[in-house]
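Coordinate analysis (summary)
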Amino acid sequence: MATATKADPKKTAASKTRTPRSTTKTTAAKTAAPRATKAAAGQTGGSNAALLKRREAAVARGVASAAPVFAARAENSELWDVEGNRYIDFAGGIAVLNTGHRHPKVIAAAKAQEDLYTHTSFQVVQYEPYVALAEKLNALAPGDFAKKSLLVTTGAEAVENAVKIARAATGRPGVIAFSGGYHGRTNLTLGMTGKVNPYKKDFGPFPTDIFRAPFPDARNGVTVDDALKALQTLFLTDADPSRVAAIILEPVLGEGGYHPVPAEMWQALRAICDRHGILLIADEIQSGFGRTGKWFAIEHSGVAPDLITVAKSMAGGYPIAGVVGRADVMDAAAPGGLGGTYGGNPVACAAALAAIEAIEAEGLLARSIALGETFRARFADIGARTAPYRMWDIRGLGGMLAVEFVTDFETAAPDAALTKSVIAHALKRGLILLACGMHGNALRIMVPLTASDAIIEEGLAIFEAALADAIAA
């Protein structure tokens, strides 16, 4: 697994990594957005301020938005708001757009499917795109065993179904998750999510038979041995292993700060699960489909889980999710026990097949690795030059990277205020960024893997300028 890199000015100030071509001039300009040929339903134009006022009156307060702007158009890794301002998108719709906004193959496949039929409900009248996507997922997932898949609509729905399947297959109720993990916003998945604010605040109580183990986080002094010892203690005190159906873990924590799970942790969990008859679930909703340089991030460890949950970048922006796993385990549920009215929507299935084809044809797995190397080097250089002793580490796998901000290297105290300021200044200059981490002090990179080198360099230049603005403020 990749190790963290500190942006230490003593080690990186003399870096020969080339500097950005510019700092601020090209960003947030009133670059003309591509013109739409038709006005979409519900889109009347107007200003960001006017739309914010309408939103405040019509949309529930609990739905938060990171950027106070409204999209008009987007293309690959660029987005234009309703006022014509251009933005470089390093957020990718929260890791949904590995193939970029409106990838031509994805759009063409979706439109072709729309000309045939848009919905029958697979539980009523079946259709080939569902079967074809299941076949593709079965072929892509790691593990030298027969596999089957279930298609649903959202990531949380995929996780809930993975738990249902695990309980049906084992006859056991218990689920073990880890601190810092994020698994969704439904009641069951919130019970598994290991971060209170903002996800769990005011929404309890949560289901029983969900247990929490510590995540192996070197940043906070928790080694793999520490985490495994705590898991054994959990078996002794609260979670009888004979009553545990599944252990679920993200290969790279998403909302928890982009911490990769060490390979030895996965290997130990595989052995523990095999010993106790527990199923191992890899939650690949954010880390899958090329984000880390592999189809699935767990492939970096060499471990094959029993079940994998998928969503986000599987369909290039169309809502679809699923569970893929051992055929005997997936078949544990009785007919009618799994499904959903919109699950495996045919348009989304067609888009997913096209997105997977694009990842393969355009070499986006290798592109992710190359982007990861670029961001690591440039972040270390920028941190040393622009914010000495404030960028604590640069971590992740492939193109799934985060940089963490601290008040100083001596205490390494999380600096969420600086992180928030960098994001705000970046948006003003034309770059969309998102935070993550238990303290909200890390910036995560989810830029489309299809972004050009020129766009990446422009975005990094904006990042450095925004960082300088935040430090000065």
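Our subject is the structure that appears above.
Below or above, wherever it landed, is the structure these notes cover. (Residues numbered from 1 in each chain as written. Predicted model: local features only at pLDDT ≥ 70, side-chain atom pairs only at ≥ 80, totals over all residues. Heavy atoms only, no water.)

1. Some details on the overall build of the protein
Of the regular secondary structure elements, the protein holds 14 helices and 15 strands. For 473 residues, the compact-globule estimate of 2.2 N^0.38 gives 23 Å, and the C-alpha radius of gyration of the protein, at 22 Å, lies within 12% of that figure. Oriented by its inertia axes, the alpha-carbon framework of the protein measures out at about 60 × 60 × 45 Å. Partitioning the intrachain contacts of the protein with sequence separation of at least 6 by distance along the chain shows that 73% fall at a separation of at least 24. In the form shown here, the protein has an accessible surface area of approximately 19,900 Å², with 55% of it arising from carbon and sulfur atoms. Charge centroids of the protein, computed over 49 positive and 46 negative side chains, lie 5 Å from each other. (Helix = DSSP H or I, 4+ residues; strand = E, 2+ residues; numbered from the N terminus. Rg over C-alpha atoms; globule rule 2.2 N^0.38 Å. Contact = heavy atoms within 4.5 Å. Areas by Shrake-Rupley, 256 points an atom, 1.4 Å probe, with all protein chains shown as cover. Lys, Arg positive; Asp, Glu negative; His and termini not counted. Charge placed at Lys NZ, Arg CZ, Asp CG, Glu CD.)

2. Notes on the packing of aromatic side chains
Under the counting rule described, the total for this entry stands at twelve aromatic pairs. Aromatic pair F379 and F463: ring centres 5.1 Å apart, planes at 65°, arrangement edge-to-face. With F379 in helix 12 (residues 364–386) and F463 in helix 14 (residues 453–472), the pair connects residues that are 84 residues apart, well separated along the chain. The same class applies to F379 and to F463, which are both buried. Ring plane angle 90° and centroid distance 5.4 Å describe the contact between W392 and F409, whose orientation is recorded as edge-to-face. Pair noted here: W392 is in strand 11 (residues 391–397) and F409 is in the loop between strand 12 (400–405) and helix 13 (416–429), with a separation of 17 residues, a long-range link. Taking the relative accessible area as the measure of exposure, F409 reaches 16% and is therefore buried. Members of the aromatic cluster, each reached through a chain of ring pairs, are F90, F375, F379 and F463. A cation over an aromatic ring shows up here: K147 above the ring of F145, its NZ or CZ 5.0 Å from the ring centre. Positioned above the aromatic ring of F145 is the side chain of R326, whose terminal nitrogen or guanidinium carbon lies 3.9 Å from the ring centre. (Phe/Tyr/Trp six-rings, centres within 6.5 Å; stacked < 30°, edge-to-face > 60°. Buried < 20%, exposed > 50% of the residue type's maximum accessible area, 1.4 Å probe, protein only. Lys NZ or Arg CZ within 6 Å of the ring centre and 35° of its normal.)

3. As for the sheet that holds strand 8 (residues 279–283)
The mixed open sheet is built from seven strands, whose spatial order is 4-10-9-8-7-5-6. Across the chains shown, the open sheet's two edge strands, defined by having one partner strand only, are strand 4 (147–152) and strand 6 (210–213). Here the strands of the sheet are splayed against their neighbours by 20° on average, with no regard to which way each runs. Bridge analysis of strand 4 against strand 10 (residues 321–326) gives six bridges, and the strand direction is antiparallel. Opposite S149, over in strand 10, you have V324 as the bridge partner. Contacts from helix 8 (residues 224–237) reach strand 5 (174–178), strand 6 and strand 7 (244–249), with the element oriented near 150° to strand 6. Sitting on the sheet, helix 9 (residues 263–276) is in contact with strand 5, strand 7 and strand 8, with an inclination near 145° to strand 8. (Pairing = 2+ DSSP bridges. Axes fitted to C-alpha atoms, helices over the stretch in contact; angles between N-to-C directions.)

4. Points about empty space enclosed by the protein
Summed over all chains, the structure comprises one cavity of 30 Å³ or more. Roughly 50 Å³ of volume is contained in the largest cavity. Every residue lining the largest cavity is listed: A66, A67, I423, L427, L431, I432, L433 and L434. Broken down by secondary-structure element, the contributors of at least two residues to the lining of the largest cavity are helix 13 and strand 13 (431–432). (1 Å grid on protein atoms, 1.4 Å probe; cavity = no way out; pocket = protein on both sides within 12 Å on 5 of 7 lines; lining within 4 Å. Points joined across faces, edges and corners; volume = space filled by probe spheres on them.)

5. Overview of helix 5 (residues 128–140)
The end-to-end C-alpha distance of helix 5, which contains 13 residues, comes to 18 Å, matching closely the 18 Å that a straight helix rising 1.5 Å per residue would cover. When we look at burial in helix 5, the residues that qualify are P129, Y130, L133, A134, L137, N138 and L140. In this structure, the buried residues of helix 5 make contact with helix 4 (104–114), strand 4, strand 10 and helix 11 (346–361). (Expected span 1.5 Å × (residues − 1).)

6. Considering the pairing of strand 15 (residues 442–445)
Working note: regular strand, side chains alternate between the two faces of the sheet. Judged by which residues are buried, strand 15 turns out to be covered on both faces: A442 and R444 on one side and L443 and I445 on the other are all buried. Sheet analysis places strand 12 next to strand 15, joined by four bridges and oriented antiparallel. Bridging from a neighbouring strand, E404 pairs with A442 of strand 15. By the bridge criterion, three bridges tie strand 14 (residues 434–436) to strand 15 in an arrangement that is antiparallel. Each bridged residue has a counterpart across the sheet, and for C436 the counterpart in strand 15 is A442. Connecting strand 14 to the next strand, strand 15, in antiparallel fashion are five residues, including G437 with a positive phi near 100°.

7. Side note on the pattern of salt bridges
Applying the stated criterion across every chain, the model contains 20 salt bridges. Note that K148 is salt-bridged to D331, the shortest N-O span being 2.8 Å. With K148 in strand 4 and D331 in the loop between helix 10 (327–330) and helix 11, this residue pair connects regions lying 183 residues apart in the sequence. Of the residues examined, D331 reaches a relative accessible area of 45% and is grouped as partly exposed. Connected through salt bridges with shared partners, the residues R219, D393, R395 and E404 form a single ionic network. (Salt bridge = Lys/Arg side-chain N within 4 Å of Asp/Glu carboxyl O.)

8. As for the nonpolar core
Counting residues in each nonpolar core, the largest one holds 112 residues, and the members touching the most others are I176, F375 and F463. The contacts of F375, once residues within four sequence positions are left out, are F90, L401, I445, V447, I456 and L460. Grouped together as the second largest cluster of nonpolar side chains are 17 residues, A95, L397, M400 and L427 included. (Core = buried A, V, L, I, M, F, W, Y, C linked by side-chain atoms within 4.5 Å.)

9. Let's talk about the packing of helix 12 against helix 14
Packing of helix 12 against helix 14 leaves a shortest axis separation of 11 Å and a crossing angle of 30°. Classified by the angle between their axes, helix 12 and helix 14 sit roughly parallel to one another. At the point where helix 12 passes helix 14, the crossing takes the right-handed sense. Contacts from R367, L371, T374, F375, R378, F379, I382, R385 and T386 of helix 12 reach helix 14 at D453, I456, E457, L460, F463, E464, L467, A468 and I471. (Parallel < 35°, antiparallel > 145°, perpendicular 65-115°, else oblique. Left-handed = near helix turned anticlockwise from the far one by under 90°.)

10. Thoughts on the packing of helix 5 against helix 11
Taken N-terminus to C-terminus, the directions of helix 5 and helix 11 make an angle of 35°; their axes are 8 Å apart at the nearest point. Here helix 5 and helix 11 pass one another in a crossing that is left-handed. Contacts between helix 5 and helix 11 pair P129, Y130, A132, L133, K136 and L140 from the former with P346, C349, A352, L353, I356 and E360 from the latter. Residues that form the contact of helix 5 with helix 11 fall into these classes: ten nonpolar, no polar and two charged. (Nonpolar A, V, L, I, M, F, W, Y, C, P; charged D, E, K, R; others polar.)

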